[in-house]
Each structure stands twice: as structure tokens, then as C-alpha cells.
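# Overview (structure and organization)
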Amino acid sequence: MAEQVATPIAAAAAPAGVAAASGDAEVLLLRDIGVADAAALLAEHGLELVGVEDGAPIPGSYWGEPEAGIIGCTVYARGDTPVHSMLHEACHLIVLPPERRALVHTDATDSVPEEDASCYLQIVLADALPGVGRNRLMADMDTWGYSFRLGSTRAWFERDAGDARAWLQARALLPA
């Protein structure tokens, strides 16, 4: 097995800049934000954000590079990982009870309520990241191709996500 190149991402430099393109669509990337802020947010939920060198495979990435990966309580990402991907994978771990988190490798769940809760929570947690916020994250989710039956992430979040919100509230997983 090849040696994985991974370092704690909070220690890596996080240059500010304009969102880079994924195909023709621009989304905010991890290197475009305060990486230490992202690592601190995940740490509040018992997770570690680990940086992967540019060009290296991302451990635990379900969709492949540049999408974030998850193994146990660790979220792996590169500078070119979309912020929405890092948050989404982190939220998959946050919604799981600790005993299930430890068993995760690449694919967190096949539960529709957990998937919906992850989508909802990533939008809420985006407000805790300077320079991100829910409006930007929802726009990036639409750009990236998330699909919701009402046609947009915002429409789903504002008018159709009551079940996801209730699921998170029942487990005390929404920020105050």
C-alpha cells in the first residue's frame, strides 16, 4: 500500500483567493477560506480535519478527488476540495452516534433521514465559517449539482426541510 501524505490542515497555510473553477462552475474551495476556522469548527464536533497534499489521493473520498473523504472521526481534504464537500462529509459524521462514527470508512450511511440531516446541517454550519455563510454554501450546492425536488437548495432548506430540521432538533444537533 502506498504511503498516504496527510498533515493536520490547521497547520497548513490557507491562501485567500477567488473561488477556483470546477469545470465551468465556480465554487468556494477549502484553500479560499480560513482553514484554521474550518478545523476549529470540526473540532467542536469531535472531528479532525486533515489536509492532503495537492495532487495526492484523498483517503475515504466516496466520489473521488477533489471531494472530501471520511474515515472514523477524520475528514480528509485538499486545498481544491469544495467547502460544501468538506462540510457535507463532516456533517455525515456529526449526525452519527459516536459508536457508529468509529466504524465509518468512505460511506457514512444509506439512511435518507441522515442524508437530509447532513444537507441541512452543512448549510447551518456554513454560517460559522467566515467568508462562507449559508447563502454562499447553498449557491455552491446548486452549482455543484445537488438536487432537491423544489428545484434549488434554498427552496428545499426554507420550505421542504422540516423533517431534517426536526431530526436534528430531536438529537440536539443544531447550534443554539
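Parameters and conventions
Residues numbered from 1 in each chain as written. Predicted model: local features only at pLDDT ≥ 70, side-chain atom pairs only at ≥ 80, totals over all residues. Heavy atoms only, no water. Helix = DSSP H or I, 4+ residues; strand = E, 2+ residues; numbered from the N terminus. Buried < 20%, exposed > 50% of the residue type's maximum accessible area, 1.4 Å probe, protein only. Contact = heavy atoms within 4.5 Å. Areas by Shrake-Rupley, 256 points an atom, 1.4 Å probe, with all protein chains shown as cover. Axes fitted to C-alpha atoms, helices over the stretch in contact; angles between N-to-C directions. Parallel < 35°, antiparallel > 145°, perpendicular 65-115°, else oblique. Nonpolar A, V, L, I, M, F, W, Y, C, P; charged D, E, K, R; others polar.

### So, the overall build of the protein
Regarding its fold elements, the protein presents seven helices and six strands. Its helices and strands in sequence order give the protein the pattern β-β-β-α-β-β-β-α-α-α-α-α-α, from N to C terminus. Counting the 176 residues in the protein, one finds 48% classified as buried. Considering only intrachain contacts with a sequence separation of at least 6, the fraction spanning at least 24 residues in the protein is 58%. As displayed, the protein has an accessible area near 8400 Å², and 52% of this comes from carbon and sulfur atoms.

### A few points about the packing of helix 2 (residues 83–94) against helix 5 (residues 133–144)
It is at 9 Å that the axes of helix 2 and helix 5 come closest, and there the two elements cross at 100 degrees. Of the possible angle classes, the one that applies to helix 2 and helix 5 is roughly perpendicular. Between helix 2 and helix 5, the residues in contact are V83, H84 and L87 and L137, D140, M141 and W144, respectively. When its residues are assigned to classes, the contact of helix 2 with helix 5 shows five nonpolar, one polar and one charged.

The analysis is restricted to geometry; functional conclusions fall outside its scope.
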